[in-house]
Amino acid sequence: MMQTIFFVFAAVAVGAAINVLVQKHVMYSALSLILMLTAVSVLFILLRADFLAVIQVIIYAGAIMVLFVFVIMLLNLPQDEDGADRLWWLKFLGIPLGLFFLFLVIATLWNVESSVDTRAGISGSAGAIGHSLFTDFLLPFEATSLLILIALMGAVVFAKKDL
Amino acid sequence: MIEYLMDSEFLLLLLKIIVIFGGVMGALAYLTWLERKVIARVQMRPGPTRVGPFGLLQPIADGLKFLFKEDVIPTNANTFLYVAAPVVSLIPALLSFSVIPFGPSLQITDLGVGLLFIFAITSLGVYGIVLGGWSSNSKYPLMGAMRSSAQMISYELSLTLSVVGVLLIANTLSLAQIVVSQQRTLLGFIPRWNIFLQPVAFLVYVISAVAETNRLPFDFAESEQELVAGWHTEYSSLKFAMFMLAEYANMVTVSALATIMFLGGWAGPMFGPALLQTALPTVWFVLKVGVFIFFYVLMRATVPRLRYDQLMKFGWKFLLPLSLANIVLTSLIVAIAAS
Amino acid sequence: MIPVGWYLILGAVLFLIGALGFFIKRNMIALLLSIEIMLNAVNLTFVAFSVQHAQISGQVFVFFVLVVAASEAAVGLALVIAIFRNRESLNVDRSNLLKW
Amino acid sequence: MLENWAPILIFFILAAGFGLVSLIMSYLFGVRKPDPRKLSPYECGVHPIGTARERCSVKFYLVAMLFLLFDIEAVFLFPWAVVYRELKLFGFFEMLLFILAILAGYIYVWKKGALEWER
């Protein structure tokens, strides 16, 4: 049962990710990515990372992708424009290199103890994550606030024409 | 697998799902009737009276009428997204009922992250609106979709921040446990509901909830004098009905969440025989939600609409700092009380 | 039940798709989307390893990855808007003022 | 843990099924008399002028961007609130520092006029 659910959602994730590349219109790509994000969050649930699963949906699907969709609607491009594709040969270079990379990764993963039962895992509850975040990872957490601050300023400066 | 399906626990779960799904659907249908009746009374009209006694069969007649209406798909629309948008809007709206505790045992599932699950699900509801407006390929829907989605995300922020104050007191994300945490009393006689501990958060929550569900006085998505019907201008037949259903479902969800977070959930005086005792919590819960819905409808009947820039200004410049200040103050008090 | 290795392989495949997208697509927004795919693949790997080693820190890192992704999207899309204003195009190959 | 999520999957299937059945029903039972005027985009009865694919104000981007960055802050507040009893005053000050940094950004954005809707 668990394995069926895993395979269904893994297939959805991979299919949606491929669809992101295949679609001509960026809007469809973005929507496909939302599907992939939701599928990955279901996989998080299977890994007992409940908290991260909902956070992933809230931040990724509920905020980041809304921003993408807004920008796509804002610019309202008719189609994926082609034309000056100076680096067309990268496609032919990219695919074999990518497959080689995949081969390397899987070869490495072969050596990982892949038989570990995910059932024996830890619970990724909000309390456990909060505890770790606000004691062990305090410095990165505070640094995060600076990152957000800088992103806020940078985005406003770039986006506003007349300041 | 088969044993699991025949398990009595599973059958009980299935029964709960059917009861809640059916109950919610019926309630949503009669909400439209209630709204029309109340608004009519406010405006000194009788409201629907023709179909059945007091017009009680009106929702059924409406549903049948929707079913037989022409299903128009405008030219130049992105057909797939146009058809998918109502479903995308409806599914999240209904899905949040799966974690709401209607009573101590009448809850489909009590997630450890129940509150965040509801927020995650409602944040997906934006896509129904955006897609509906964008795929219609028409001007009013596009403008309506942009406006109402911008409004929704703005007020989602203060909605999210306003409940943090409650969480600081309850220290849990599970909805059932939040209700349980409010079951003591203050000073011996006032119920320890969070509305008394977090009045500011409650105020922010109620205002944001009204804006979040695109209802008057914040219904800029479909301010009919300027944008016709907002993002669902082009929609007809059952697709339109699904958008409406999603809107009402969202209304019930935020009301139920307000009841859980601030009004003690299913808590209420218990009396009578054992059978009544098991039913009473659900009755209290439904009554509290009903008060909220009534307030919603009354607002629609009496309050004039704001202007769009006023709305955005109010959300970003007043509600957001207010809810942040509430968090800081609450956390300071809790920390001092704890140490 | 489900071996951790499966999650890792899935993460690798998703990462590869994202990387391929970065090579193949020319539209700037599509490039940003490909980056999001890659970040997600990494998130999945983080969580899988956190389960394997029974350490919560992997999941905390996913949190930070989310923050980075959000900041990247905000600034990246601001850049996209700024470039679109100047060039009226989202093709990365058209934004070549600094080249030849 | 996982047993808690199974009912949600069932409920999702139920909700999705309801949506799909409604779509199919209205496709089967609805009358269909298409007409080019009826199918044209709604524009208060006159012929549609121009295209609906126009560019919108950059304001909407700014709102979504601000929402995104503040949403991150809100998401950090949730685990913090859950473990707050254990952190006590220390927790208060670490979050105060975080909120102050974000607040600086908020004030900057306000001063730059990104929160003004009208020009």
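Residues numbered from 1 in each chain as written. Chains lettered and ligands numbered in written order. Predicted model: local features only at pLDDT ≥ 70, side-chain atom pairs only at ≥ 80, totals over all residues. Heavy atoms only, no water.

## Concerning the overall build of chain C
Looking only at helices and strands, chain C features three helices and zero strands. Its helices and strands taken in sequence order, chain C reads α-α-α from the N to the C terminus. The C-alpha radius of gyration of chain C comes to 17 Å, more than 25% above the 13 Å expected for a compact globule of 100 residues. With the C-alpha coordinates aligned to their principal axes, the bounding extent of chain C is approximately 55 × 25 × 20 Å. Per-residue burial for chain C yields a buried fraction of 64% across its 100 residues. In chain C, the share of contacts with a sequence separation of at least 24, taken over all contacts with a separation of at least 6, comes to 56%. Within the structure as shown, chain C displays about 3,400 Å² of accessible surface, and the carbon and sulfur contribution to it stands at 72%. Treating the 6 positive side-chain charges of chain C as one cloud and the 4 negative ones as another, the clouds have centres 8 Å apart. (Helix = DSSP H or I, 4+ residues; strand = E, 2+ residues; numbered from the N terminus. Rg over C-alpha atoms; globule rule 2.2 N^0.38 Å. Buried < 20%, exposed > 50% of the residue type's maximum accessible area, 1.4 Å probe, protein only. Contact = heavy atoms within 4.5 Å. Areas by Shrake-Rupley, 256 points an atom, 1.4 Å probe, with all protein chains shown as cover. Lys, Arg positive; Asp, Glu negative; His and termini not counted. Charge placed at Lys NZ, Arg CZ, Asp CG, Glu CD.)

## What to know about the interface of chain B and chain D
Facing 81 residues of chain B, the contacting portion of chain D comprises 65 residues. Across the interface of chain B and chain D, roughly 6,600 Å² is buried in total on both sides, 76% from carbon and sulfur atoms. For the interface between chain B and chain D, the tally reads zero salt bridges. Those elements that provide at least two residues to the side of chain B that touches chain D are α2 (8-42), α3 (58-68), α4 (79-95), α5 (114-135), α6 (139-170), α11 (237-262) and α13 (308-338) of chain B. The residue makeup of the side of chain B that touches chain D, split by class, is 56 nonpolar, 13 polar and twelve charged. (Buried area = accessible area lost by both parts, 1.4 Å probe. Salt bridge = Lys/Arg side-chain N within 4 Å of Asp/Glu carboxyl O. Nonpolar A, V, L, I, M, F, W, Y, C, P; charged D, E, K, R; others polar.)

## Considerations on the pattern of salt bridges
Residues and elements named next belong to chain B. If you walk through the whole model with that rule in mind, you get two salt bridges over all chains. R300 is the salt-bridge partner of E35, the closest N and O atoms lying 3.0 Å from each other. Here the residue E35 occupies a position in helix α2, and R300 occupies one in helix α12 (residues 274-302), the gap between them amounting to 265 residues. R36 serves as the salt-bridge partner of D62, at 3.3 Å between the closest nitrogen and oxygen. On the criterion of sequence distance, the pair formed by D62 in helix α3 and R36 in helix α2 is long-range, its members being 26 residues apart.

## Quick look at α4(B)
Between its first and last C-alpha, α4(B) extends 25 Å over 17 residues, near the 24 Å set by a 1.5 Å rise per residue. The largest bend in α4(B) amounts to roughly 30 degrees and is located at A85(B), with the proline P86(B) lying one to four residues further along. Most of α4(B) sits inside the fold, with twelve of its 17 residues counted as buried. Residues of α4(B) that are buried include every one of L81(B), Y82(B), A85(B), P86(B), V87(B), S89(B), L90(B), I91(B), P92(B), A93(B), L94(B) and L95(B), and no others. Residues of α4(B) that are buried sit in contact with α2 (26-46) of chain A, α2, α5 and α11 of chain B together with α1 (2-29) of chain D. (Expected span 1.5 Å × (residues − 1). Bend = angle between axes of the 7 residues up to and from the residue.)

## Here's the deal with the nonpolar core
Inside soluble globular proteins, nonpolar side chains tend to come together where they are buried. Core analysis: the largest hydrophobic core is formed by 250 residues, its most contacted members being L115(B), L173(B), W316(B), I29(C), Y61(D) and M65(D). Of the residues forming this core, the biggest block, 23 residues, is contributed by helix α3 (residues 50-75) of chain A. (Core = buried A, V, L, I, M, F, W, Y, C linked by side-chain atoms within 4.5 Å.)

## Things to note about the confidence of the model for chain C
When pLDDT is averaged along chain C, the result is 85, and 94% of the positions lie at 70 or above. Ranking the elements of chain C by mean pLDDT puts helix α1 (residues 4-24) of chain C last with 85 and helix α2 (residues 28-52) of chain C first with 90. (pLDDT = per-residue confidence, 0-100.)

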